[in-house]
Amino acid sequence: WWFISSQTISIQQGYSRIYIYQVEKLPIRTTDDKTKKHIESLTDKITVLKKQGKASAELEKEIDMLVYHIYQLAYEEAKIIDHELNEEEFEKYK
């Protein structure tokens, strides 16, 4: 939301106009193939669980942890995003 509100032009009815050069400014990180495949696998498992009406919070949390580490967030930074995060859990996924 911050990016859209600060970097784009507002037009009618609450829509925003965004240009390619603005999207290119987004800080999108890449990672190794092993981590990509792991995230894909977790995503597939989450999809199956949701279709079955089952809980997937643990797998979703694991993806969150992987993303925090891909973006090289410190524990304190990740804690801003996830207030319930504990340091032991954060360190487990390094």
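Right above here is the structure, for reference.
Everything numeric in this text was worked out from a predicted model, so none of it was measured.

Undergrad: Please clarify how the environment of E87 should be interpreted in this entry.
TA: Secondary-structure assignment places E87 in helix α6 (residues 87-92). E87 sits eleven residues away from E76 along the chain, and the two C-alpha atoms are 8.8 Å apart.

Undergrad: Looking at this model, I keep getting lost on unusual backbone geometry. Mind explaining?
TA: Residues apart from glycine generally show negative phi values, whereas peptide bonds are mostly found in trans. The phi torsion at Q72 lies on the positive side, around 55°, for a residue other than glycine. Checked against the element boundaries, Q72 lands in the loop between α4 (57-70) and α5 (75-81).

Undergrad: Please clarify how α4 should be interpreted in this entry.
TA: An α-helical turn contains 3.6 residues, so a residue and the one three or four places further along point in the same direction. Between the first and last C-alpha of α4 there are 20 Å, a value that for 14 residues agrees with the 20 Å anticipated at 1.5 Å per step. On its buried face, α4 sits against α3 (33-51), α5 and α6. Looking one or two residues beyond α4, the residue adopting positive phi is Q72, at roughly 55°.

Undergrad: Would you mind showing me how to read the pattern of salt bridges here?
TA: Between side chains of opposite charge, a pair can form when the charged atoms approach closely. Counting across every chain of the model gives three salt bridges. In this structure, K50 and E60 form a salt bridge, with 3.2 Å as the shortest nitrogen-oxygen distance. Here E60 lies in helix α4 and K50 lies in helix α3, a separation of ten residues in the sequence. Here K50 falls in the exposed class, since its relative accessible area comes to 51%. In this structure, the salt-bridge partner of E91 is K94, at a minimum N-O distance of 3.6 Å. The exposure class assigned to E91 is partly exposed, which follows from its relative accessible area of 35%. Assessed through its relative accessible area of 68%, K94 is described here as exposed.

Each value, and the rule that gives it
- Residues numbered from 1 in each chain as written.
- Predicted model: local features only at pLDDT ≥ 70, side-chain atom pairs only at ≥ 80, totals over all residues.
- Heavy atoms only, no water.
- Helix = DSSP H or I, 4+ residues; strand = E, 2+ residues; numbered from the N terminus.
- Expected span 1.5 Å × (residues − 1).
- Contact = heavy atoms within 4.5 Å.
- Salt bridge = Lys/Arg side-chain N within 4 Å of Asp/Glu carboxyl O.
- Buried < 20%, exposed > 50% of the residue type's maximum accessible area, 1.4 Å probe, protein only.

These values are about where atoms sit, not about what they do.
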